[in-house]
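# Breakdown of the fold
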Amino acid sequence: MKNRNQPNNPQPFQPVGPYLLPCPPEPPSDYLEHWIPLTSLERMAETYYDVIIVGSGAGGGAVLWRLCERWRKNGERVALLEAGDLLLQTHAYNLPTFDSARLTKFLANPKIGRPIGAEWPDYPGATEFLALGGKTLHWGAVSPRFHPEDFKYWPIQYKELVPYYLIAERVMNINQGFTAGSSLQEILLDRLRFAGYYDATDFPIAVDREVTKYGEIHSNAFFSSIIFLAYALNLGSFDLAVKARVIQVLVESGKAVGVKVVTPDKKSCFIKGKTVVLSASTFENPRILLNSGIRGEATGRYLINHSFTVTLATASRKQFPEVLGNTGILIPRSEDRSYQLQIAGTDPYKYYWYHYKERPLQEELRFSVLGFGKVEPRVENRVTLDPARRDEYGMPKLNVHFSYSEQDQAIIGQLASSSTYAVSSMGMSIEKIPCLMPPGLDYHEAGTCRMGDDPCTSTTNRFGQVHGLSNLFAADNSVLPFIGAANPTLTTIALAIRTADYIIHRLK
Ligand SMILES: Cc1cc2nc3c(=O)[nH]c(=O)nc-3n(C[C@H](O)[C@H](O)[C@H](O)COP(=O)(O)OP(=O)(O)OC[C@H]3O[C@@H](n4cnc5c(N)ncnc54)[C@H](O)[C@@H]3O)c2cc1C
């Protein structure tokens, strides 16, 4: 009887002498130059895009992912233009060769983190991280939602953002299990709760800890925008150019028609499309708009961040009998608390890498208490173009005008006393009293293209569309009208997904 698996005319195996026949040469195939496909700007200049996205960080990555997820490979054309180069293929925490000391030194390299605040006396802590993936390549991944109370400054309510929070939390794998099982964490949480911080909780953190139900293991546990790009690449299609600095949006007859791009060797070209999304973040978005002559009354104004305090503490290792494990505690903003505290080991990342060792009982443990305070959005806190000073691309440089209000100062005072109280509540000793970091060093700057209903006090409408230009959008930290005291990125991503849905609806 014939075996069903057998081919009809099986070729008998014929060895030639003692050797096998050599394999026939493989036909020549295309190859990839880089770990992600790139498209030349010359080719992009010949294409008419449905959507052009400027910047590949949290906001730009989220818009790209959502467009590709919804459109699949239906023929829509999406361009992603990134000023930076290919720097890291994944979040820095996923790279086994780093540890906190090496990562800190890497980020201190002025070629990676350019200290732009050196030119801004009001905002000396600002740093520019230009690269594919933007700041998400090394953000801390701590991802709380904003407090519903904070939405009273917004044109939309908290509940309208909830479905988008849920999508963002799913795709970013946000969970609180990272510190689960650590006795150190449990002991400290208990102490804080008994001292009145009843809502102290585990960090909600964007880290993919699970094998999927299909057995997939992902090699990139910590979330970065590169994950958005990976999903987008596999679900849909897009053209990507790096080292492509956008300096202007081109407007004709009241519509955005494309963008002007300059390369590091100063070649310029125009990329054209139906819709433009600016996701170049808080400093670059208003700079591009103002340099394009798109001068909304609020553009560049209402710069916000977090007042940022650091307290260092020590505790005896003898207090914690077991293997230590992860620490990451969030004391969130609440109705009666206008700030947030984050408690972690001073080397919170050590468990991500390969030099875990148990600490001897004689050793002092060191912890940091980071405080983030609410800052009022004020019209006078702003960025402006300085036509007298230009960068190497010929673009006017920015000036930053910023100060903390009396209310902000009062919250900074609360941050200091609460940080000290949290340290004593946890049975620790103060090693370094609370100090205020320079503005910009929190890396949470936002608000310079804020969304709102009134064009006099906002740059975009509630969907991120620039007032008066129906096909120009902003999607990143710059659109946040108020950030309360929570880390901003989850909310930026939720909003950017919402903006992408609105664009898809409009283009239909
Ligand atoms: C060390 C560190 C730790 C942080 N930890 C946290 C945290 O724990 N939780 C949290 O919520 N947030 C954290 N943040 C902040 C978080 O990274 C930002 O909120 C988030 O990345 C902002 O997203 P964005 O899209 O506005 O900007 P980005 O992610 O910076 O993206 C902007 C992109 O635009 C590109 N670009 C800029 N100008 C141009 C131009 N002219 N043309 C083309 N492209 C351009 C940039 O290269 C970049 O890719 C941290 C940041 C840092 C640096």
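Residues numbered from 1 in each chain as written. Predicted model: local features only at pLDDT ≥ 70, side-chain atom pairs only at ≥ 80, totals over all residues. Heavy atoms only, no water.

Within an unreviewed UniProt entry, the label attached to the protein chain reads GMC oxidoreductase, and the organism entered is Effusibacillus consociatus. Check the Cofactor (unreviewed entry) section of the UniProt entry for the protein chain; it says "FAD". A UniProt comment under Sequence similarities (unreviewed entry) is attached to the protein chain, and it reads "Belongs to the GMC oxidoreductase family." (UniProt positions renumbered as here; feature names shortened; annotations may be inferred.)

## A word on the pattern of salt bridges
Scanning all chains against the criterion turns up 25 salt bridges. A salt bridge links Glu-284 to Arg-287; its shortest N-O distance comes to 2.7 Å. On the criterion of helical spacing, the pair formed by Glu-284 and Arg-287 is a turn pair, its members being three residues apart in helix α7 (residues 281-291). Accessibility classification places Glu-284 together with Arg-287 in one group, the buried group. Put simply, Arg-114, Glu-128, Arg-245, Glu-284, Arg-287 and Asp-391 are held in one network by salt bridges that share partners. (Salt bridge = Lys/Arg side-chain N within 4 Å of Asp/Glu carboxyl O. Helix = DSSP H or I, 4+ residues; strand = E, 2+ residues; numbered from the N terminus. Buried < 20%, exposed > 50% of the residue type's maximum accessible area, 1.4 Å probe, protein only.)

## Quick notes on the nonpolar core
One finds Trp-154, Met-172 and Phe-283 to be the most contacted residues of the largest nonpolar core, which totals 93 residues. Broken down by element, this core gets its largest block of residues, ten residues, from helix α9 (residues 489-507). Among residues more than four places away in sequence, those in contact with Met-172 are Trp-139, Ser-143, Ala-206, Val-207, Phe-223, Leu-490 and Ile-493. (Core = buried A, V, L, I, M, F, W, Y, C linked by side-chain atoms within 4.5 Å. Contact = heavy atoms within 4.5 Å.)

## Describing the packing of helix α2 (residues 58-71) against α9
The contact between α2 and α9 brings their axes to 8 Å, and the two run at 40°. Taken together, α2 and α9 sit at an angle that is classed as oblique. Seen from above, α2 lies across α9 with right-handed handedness. Contacts between α2 and α9 involve Ala-58, Gly-59, Ala-62, Val-63, Trp-65, Arg-66, Leu-67, Arg-70 and Trp-71 on the former and, on the latter, Thr-489, Thr-492, Ile-493, Ala-496, Ile-497, Ala-500, Asp-501, Ile-504 and Leu-507. (Axes fitted to C-alpha atoms, helices over the stretch in contact; angles between N-to-C directions. Parallel < 35°, antiparallel > 145°, perpendicular 65-115°, else oblique. Left-handed = near helix turned anticlockwise from the far one by under 90°.)

## Remarks on the environment of Gly-328
Following the sequence through the fold, Gly-328 ends up in the loop between β10 (307-316) and β11 (329-331). Owing to a relative accessible area of 0%, Gly-328 belongs among the buried residues under this scheme. Separated by 143 residues in sequence, Gly-328 and Gln-185 place their C-alpha atoms 7.1 Å apart. Excluding residues within four positions of it along the chain, Gly-328 makes contact with Thr-179, Gln-185, Thr-201, Asp-202, Phe-203 and Ile-343.

## Things to note about the UniProt feature "domain: Glucose-methanol-choline oxidoreductase C-terminal" (unreviewed entry) in the protein chain
As annotated by UniProt and renumbered to match this structure, "domain: Glucose-methanol-choline oxidoreductase C-terminal" (unreviewed entry) occupies residues 377-496. With 23% helix and 22% strand, residues 377-496 has its two end C-alpha atoms placed 21 Å apart.

## Thoughts on the packing of α2 against helix α6 (residues 225-235)
Each packed pair of helices is defined by two parameters, the angle between the axes and the distance between the axes. Where α2 contacts α6, the axes come no closer than 8 Å and their chain directions differ by 20°. When the axes of α2 and α6 are compared, the pair comes out roughly parallel. Classified by chirality, the crossing of α6 by α2 is left-handed. Contacts between α2 and α6 involve Ala-58, Gly-61, Ala-62, Leu-64, Trp-65, Cys-68 and Glu-69 from the former and Ser-225, Phe-228, Leu-229, Tyr-231, Ala-232 and Leu-235 from the latter. For the contact of α2 with α6, the residue count by class is ten nonpolar, two polar and one charged. (Nonpolar A, V, L, I, M, F, W, Y, C, P; charged D, E, K, R; others polar.)

## Comments concerning the pairing of strand β7 (residues 245-252)
Looking along a regular strand, one sees the side chains alternate between the two faces of the sheet. Both β7 and strand β8 (residues 255-262) contribute to a ladder of seven bridges, which runs antiparallel. Paired with Val-246 across the bridge in β8 is Val-261. Where β7 hands over to β8, the hairpin turn is made up of two residues, of which Ser-253 adopts a positive phi near 45°. (Pairing = 2+ DSSP bridges.)

## Concerning the site of the ligand
Around the ligand, the structure places 35 residues, and the nearest of them are Glu-82, Gly-140, Val-142, Ser-281 and Thr-489. A distance of 3.0 Å separates an oxygen atom of the ligand from a polar atom in the side chain of Asn-477. Within the backbone of Pro-488, an N or O atom sits 3.5 Å from an oxygen atom of the ligand. Protein burial of the ligand: of its 1,000 Å² of free accessible surface, 94% is covered by the chains. Residue assignment for the shell around the ligand shows that the elements contributing at least two residues are α2, β7 and α7. (Near = heavy atom within 4 Å. Polar contact = N/O pair within 3.5 Å; in protein donor to acceptor, adjacent residues only side chain to side chain. Areas by Shrake-Rupley, 256 points an atom, 1.4 Å probe, with all protein chains shown as cover.)

## A short note on the UniProt feature "domain: Glucose-methanol-choline oxidoreductase N-terminal" (unreviewed entry) in the protein chain
Per the UniProt record, the feature "domain: Glucose-methanol-choline oxidoreductase N-terminal" (unreviewed entry) sits at residues 131-306. Annotated as residues 131-306, this span is 27% helix and 20% strand, and its ends, taken at the C-alpha atoms, are 24 Å apart.

## A word on the sheet that holds strand β16 (residues 429-436)
Either a parallel or an antiparallel arrangement is found when strands of a sheet pair, and the pairing is made through backbone hydrogen bonds. Ordered in space as β4-β11-β12-β13-β10-β16, the six strands form an open sheet in which the pairing is antiparallel. In this open sheet, the two edge strands, each paired with only one partner strand, are β4 (201-202) and β16. Bridging between β4 and β11 involves two bridges; their strand directions are antiparallel. Of the residues in β11, the one forming a bridge with Thr-201 is Leu-330. Strands in contact with helix α8 (residues 406-425) are β10, β12 (339-345), β13 (364-373) and β16; relative to β12, the strand with the most contacts, it is inclined by about 35°.

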